[in-house]
Amino acid sequence: MARRVRKAVFPVGGLGTRFLPATKAMPKEMLPVVDKPLIQYAVEEAAAAGIEHFIFVTGRAKQAIEDHFDISFELESTLQERGDSDCLAKVQAARPGPGRVAYTRQGEPRGLGHAVWCARDLVGDEPFAVLLADDLVLSDKPCLGQLIEVHDATGGNVVAVADVPRAQTGRYGILDIDSDDGRLASVTALVEKPAPESAPSTLAIIGRYVLLPDVFTHLGDLAAGVSGEIQLTDSLARMVGAAPFHGLRFEGRRFDCGDKLGFFEANIAFALQRDDLVEGVRHILAEYSRA
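Residues numbered from 1 in each chain as written. Predicted model: local features only at pLDDT ≥ 70, side-chain atom pairs only at ≥ 80, totals over all residues. Heavy atoms only, no water.

Undergrad: I keep staring at the environment of lysine 62 and nothing clicks. Help me out?
TA: For lysine 62, the location among the structural elements is in the loop between β4 (53–58) and α2 (63–68). A relative accessible area of 5% means that lysine 62 is categorised as buried. Sequence separation between lysine 62 and methionine 30 is 32 residues, and the spatial gap between their C-alpha atoms is 9.3 Å. Setting aside anything within four residues of it in sequence, one finds lysine 62 in contact with Val12, Gly13, Gly14, Pro27, Lys28 and Glu29. Of note is the side chain of lysine 62, whose polar atom sits 3.0 Å from the backbone oxygen of valine 12. A polar contact is formed between the side chain of lysine 62 and the side chain of glutamate 29, at a distance of 3.0 Å. (Helix = DSSP H or I, 4+ residues; strand = E, 2+ residues; numbered from the N terminus. Buried < 20%, exposed > 50% of the residue type's maximum accessible area, 1.4 Å probe, protein only. Contact = heavy atoms within 4.5 Å. Polar contact = N/O pair within 3.5 Å; in protein donor to acceptor, adjacent residues only side chain to side chain.)

Here's what the structure looks like:
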């Protein structure tokens, strides 16, 4: 029986250069979709999937993330004095319980694999999740929860995957598979950012993982891969065959919020899910569609 997944790692040390100048002084993970920052969506997804401990791998100028998940005495006191119970509840709901949040510094942005490796002592010897806040998923069941269900049934490593246009394989880690039932694919190899003509498939890993702690042994080699960075995909590839490894086509819609258009679309999609915004958003879209 697979061990329960209790911890999640959130790599948030990146520079966010694609959103400059907005991210010059603000972490990209704090960019809001409607009225919540990207990182809060990721934390809420993890909590809904049963995660108990939240590990943030940060870098310079990321203090806003720590402040967001901490108590703001002045703000909460002011809201309480004003009798604004709705806003107070929203602020308090964003905060995980005492002792459930940990932070470690990456030091320098050396790639996703390096960020995950920096969390090794906080994760310990147990399976864990990795969530990238840039990938926002709109779904009835938390995307991470779907991965954990597969992990509970199969053990081993499980990654979220989506079919992408072949022309875009150079942006992702791509799966090579030997069986695929349309939902769950059995992985035989992984390739980081392959050229379209050499990609073994168009099944791309998106930013949700459930991993065995063995990955830290491979990441510990600190070997540079594509773009000179330490790639998580390279270490995962070395784990294929040692334990079950599956790619899950999750239920839900993924938005690439590391891309300006993807971020814009996510704001529209999530606003349309809100009872207090849906009519106004539809009116605005209708006005612009007539322009």
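Undergrad: Please explain unusual backbone geometry as it appears in this structure.
TA: The phi torsion of most residues other than glycine is negative, and most of the peptide bonds are trans. Cis peptide bonds are those with omega within 30 degrees of zero, and the linkage from leucine 20 to proline 21 qualifies with 10 degrees. Locating proline 21 in the fold gives a position in the loop between β1 (7–11) and β2 (32–33). Look at valine 34: it is not a glycine, yet its phi comes out positive at around 65 degrees. With respect to the helices and strands, valine 34 occurs in the loop between β2 and β3 (36–37). Although it is not a glycine, lysine 193 sits at a positive phi angle of roughly 50 degrees. Among the secondary structure elements, lysine 193 is positioned in the loop between β10 (184–192) and β11 (203–211). On the basis of relative accessibility, which here comes to 30%, the residue lysine 193 falls in the partly exposed class.

Fair warning: the whole summary comes from geometry, so function is off the table for now.
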